[in-house]
Amino acid sequence: MKKIGLTLIAGVMLFSNCSIKYKYPKFDFGNGPNPCLNAFKDKVFIAILRECYKGTDAMKEISKRDAGNPYDGIYSLEIFKAIDSIGIDFAKKIPPPSLCPECRPGENYFMAQALHFYRSHELDSIARAELKKEGFGFDCGIK
């Protein structure tokens, strides 16, 4: 009787472990449904990091291995100026770290804040408006 119980428990555990699979949506490495929007936001993200890490070799080291956005179809001096302005302004507004008593002067949550802004609806709206303003709306599927 004890053997049957142990076998039953082992079988249940085996089948329960096999049946639990985490399913995540497949990530689109092809740059998603709107590559223009992604390219704009990617460039803003990099502009933020460039401003935050100014005076260090961080961006120089990154550029040695990172090729940038796989779609760079928004070539416009005006858009690049807007992107730099957005990135610099955002970087300057990052507040000092509030939950980091061990942080040294100059340390902050730069990367996390840049990622949060990248993912925000606010940056989506800004990107759409800037792309539309510069005549890229139609090419980028922005109405």
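So, here is what we can say about the structure in this document. (Residues numbered from 1 in each chain as written. Predicted model: local features only at pLDDT ≥ 70, side-chain atom pairs only at ≥ 80, totals over all residues. Heavy atoms only, no water.)

## Some words on the state of the cysteines
Two cysteines joined by a covalent bond between their sulfur atoms form a disulfide. Quick reminder of the rule: Here, the term disulfide refers to a pair of cysteine sulfur atoms separated by no more than 2.5 Å. Think of it in three bands: residues with accessible area under 20% of the maximum for their type are buried, residues over 50% are exposed, and the middle band is partly exposed, with areas taken using a 1.4 Å probe on protein chains only.
In total, this model carries one disulfide according to the counting rule given. Across the disulfide, Cys100 is cross-linked to Cys103 (sulfur-sulfur distance 1.8 Å). As the torsion about the S-S bond is roughly 90 degrees, the Cys100-Cys103 disulfide counts as right-handed. With a relative accessible area of 13%, Cys100 lands in the buried category.

## Let's talk about helix H5 (residues 110–118)
Let me state the cut-off plainly: Helix numbers and strand numbers start at the N terminus; a helix is a DSSP run of H or I with at least 4 residues, a strand a run of E with at least 2. The arc in question is the one spanned by the directions pointing from the helix axis to the C-beta atoms. Whether two residues touch is decided by their heavy atoms; if any such pair falls within 4.5 Å, the residues are in contact.
Of the residues making up H5, those classed as buried are Phe110, Ala114 and Phe117. Looking down the long axis of H5, one finds its buried residues gathered within 65 degrees of arc, a one-sided arrangement. Buried residues along H5 sit against helix H2 (35–52), helix H4 (77–93) and helix H6 (121–133).

Without other data, these values stay purely geometric and don't point to any function.
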